[in-house]
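Spelled out from the first residue to the last, the chains are:
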Number of protein chains: 2
Amino acid sequence: MPDLLADHGGLRIDRSTKTLRERTVERLRDAILNFQFKAGDRLIERSLCEKLGVSRTVVREALRHLEAEGFVETLPQQGPAVAKPDIGQAAQVYEIRALLEAEAARAAARMATPADVARLAAANTAIQAAFADGTGRDVLRATTGFYELLFTIAGKSVAWQLVQGLNARINYLRAMTISRPNRSVDANAEMLRIVEAIARGDGRAAAKASFDHVEKVKNLAMAMLDTAQ
Amino acid sequence: MPDLLADHGGLRIDRSTKTLRERTVERLRDAILNFQFKAGDRLIERSLCEKLGVSRTVVREALRHLEAEGFVETLPQQGPAVAKPDIGQAAQVYEIRALLEAEAARAAARMATPADVARLAAANTAIQAAFADGTGRDVLRATTGFYELLFTIAGKSVAWQLVQGLNARINYLRAMTISRPNRSVDANAEMLRIVEAIARGDGRAAAKASFDHVEKVKNLAMAMLDTAQ
DNA sequence: TGCTGTATGATGGTATACCAACTGATGGCA
DNA sequence: TGCCATCAGTTGGTATACCATCATACAGCA
């Protein structure tokens, strides 16, 4: 079996095309992240087959994947639905995010080049633009772009994978914190603290700013869940 | 659809039985963790069907789940195999573990009752017994038991899920660090530091002892990977 | 009008079939 | 003896069938 990952003098044929299953996983994940399905919505197999134009095998395998990632939960005798974490799990998810993002910010402060810093600043500007002109969906997407860049600069691809999965579980909470009055102003100040600390290479300050930011949104989210119950 | 999670005066019928798929996921995960399959081994569907006595649908869905958890990786045109991370990923996995376990140790120091501390001490004794009388597999299992207890005391079920997945990816590295000469003696001292710090309620010391322990095994693992390449 | 029984449709679980691509073995020819 | 072509077996991808369980709607009866 040829080693597709090794470099063999540059002549290797690229045969990597995505299976229907892989594309289905991506489509469903995107649909969940973009609120085409909301937390708690049932994901009925035959209905998804019709929408996506694939067989139940493909849908079922995609659901298994998303289930393991935390996007979907399956209750016995009830079938799959978009994941909706309880308040205890949500709190823990925010705590872990805070740890991982703070560590990434610390490492990014150490490793960022001036070009990196400029890119982070631009990513933050994109978040503000999304708050001003876009939808909640746009803000989530821009925020994801910022953090993806942060983790990439920090060289922490594994942590980024975990954070993506964690964020999946609290997707709708994130959407709700974004839509709070004045969240735009506070978020701007908080992200700016992170970018500025990284710009001056202050890992400790970057970690603190990042940690404080996640604590802030965690508290907003917990307050909302308390109200909703 | 009845709400299976709500309490309705205690009369509710418990119908939660596991599907073939759920049991297959567990069996395969256990087999990987117990080195019945080794890192890099191909997981051929029809062969697994014969071994497990189930259809390809059940096996494929289980593989999808384990793939998303990080136990299995699928290369195009090559099919599924037990995951084998490279040195960069392995380093990152250890770093994340260090963060999450340190945080769990800190919280456990705050929350542990005397009975909890006794259980942790017993779990540590079980690790030492496994080093003395058991196999590497026994040591891994006992160590998992210790950490499961630690995270439970700390109230961190989500972090524990993540750590389990992370450990899956470095399962064989863990087995290799365990089998080093004198690892038993060092491990005992390191775990004892953790238990003692928790016993006296010193969160900071517990976090440090836990962090140092993971740093130690990370360095052992990195040294081995360097040698192997 | 309300309750109960029955029937039908919906849904997830599981098995099997078919196909395409790939790998390895074998035979023939130069 | 080595190389090439062909064939057979292996394997993953995908589709579909069947079944059991559950939910909902409807009809009949008191």
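Reading the values: rules and limits
- Residues numbered from 1 in each chain as written.
- Chains lettered and ligands numbered in written order.
- Predicted model: local features only at pLDDT ≥ 70, side-chain atom pairs only at ≥ 80, totals over all residues.
- Heavy atoms only, no water.
- Least-squares fit on C-alpha atoms with pLDDT ≥ 70 in both.
- Contact = heavy atoms within 4.5 Å.
- Buried area = accessible area lost by both parts, 1.4 Å probe.
- Salt bridge = Lys/Arg side-chain N within 4 Å of Asp/Glu carboxyl O.
- Polar contact = N/O pair within 3.5 Å; in protein donor to acceptor, adjacent residues only side chain to side chain.
- Phe/Tyr/Trp six-rings, centres within 6.5 Å; stacked < 30°, edge-to-face > 60°.
- Buried < 20%, exposed > 50% of the residue type's maximum accessible area, 1.4 Å probe, protein only.
- Helix = DSSP H or I, 4+ residues; strand = E, 2+ residues; numbered from the N terminus.

For the pair chain B and chain A, the relating rotation is 180°, the translation along its axis is 0.0 Å, and the fit reaches an RMSD of 0.1 Å. Viewed as a symmetry operation, the transformation between the two copies matches a two-fold axis.

With that out of the way, let us pick up the interface of chain B and chain A. Contact with chain B, which involves 32 residues of that partner, is made by 33 residues of chain A. Overall, the association of chain B and chain A removes approximately 3,300 Å² of surface from exposure, summing both partners, and the carbon and sulfur fraction of that is 60%. Our count for the contact surface shared by chain B and chain A stands at six salt bridges. Of the charged contacts in the structure, one is a salt bridge between Arg60(A) and Glu61(B), with a shortest N-O distance of 2.6 Å. Joining chain B to chain A, the criterion identifies 12 residue pairs in polar contact (both at pLDDT 80 or more).

Below, the discussion takes up the packing of aromatic side chains. Residues and elements named next belong to chain A. The final tally for this structure, using the stated rule, is four aromatic pairs over all chains. Seen in terms of ring centroids, Phe146 and Tyr147 are 5.3 Å apart; in terms of plane orientation they differ by 80°. Their pairing is edge-to-face. Considering the side-chain rings of Phe151 and Trp160, the 5.3 Å spacing of their centres and the 35° angle between planes classify their relative orientation as tilted. The buried category is assigned to Phe151, whose relative accessible area is 1%.

Let us now look at the side chain of Thr24(B). All names here are of chain B. Along the polypeptide, Thr24 turns up in helix 1 (residues 20-33). Residue Thr24 is classed as buried on the basis of its relative accessible area of 4%. A distance of 2.7 Å separates a polar atom in the side chain of Thr24 from the backbone oxygen of Leu20.

To continue, consider the environment of Val214(A). Structurally, Val214(A) is set in helix 10 (residues 203-228). Taking the C-alpha atoms as reference, Val214(A) lies 15 Å from Leu150(A); in sequence the two are 64 residues apart.

Glancing now at the pattern of salt bridges. Summed over the entire model, instances satisfying the criterion amount to 38 salt bridges over all chains. Of the charged contacts, one joins Glu103(A) and Arg106(A) as a salt bridge, the two residues approaching to 3.3 Å between their closest N and O atoms. Taken together, the residues span about one helical turn, with Glu103(A) and Arg106(A) both in helix 4 (residues 87-111) at a distance of three residues. On the accessibility criterion, Glu103(A) (22% relative accessible area) is partly exposed. Arg106(A) gets classed as partly exposed once you look at its relative accessible area, which sits at 34%. Between Asp116(B) and Arg119(B) there is a salt bridge, and its shortest N-O distance comes to 2.9 Å. Of this pair, Asp116(B) and Arg119(B) both sit in helix 5 (residues 114-133), three residues apart, roughly one helical turn. Here Asp116(B) falls in the buried class, since its relative accessible area comes to 12%. Through salt bridges that share partners, Arg21(A), Glu61(A), Glu45(B), Arg56(B), Arg60(B), Arg64(B) and Glu67(B) make up one connected network.

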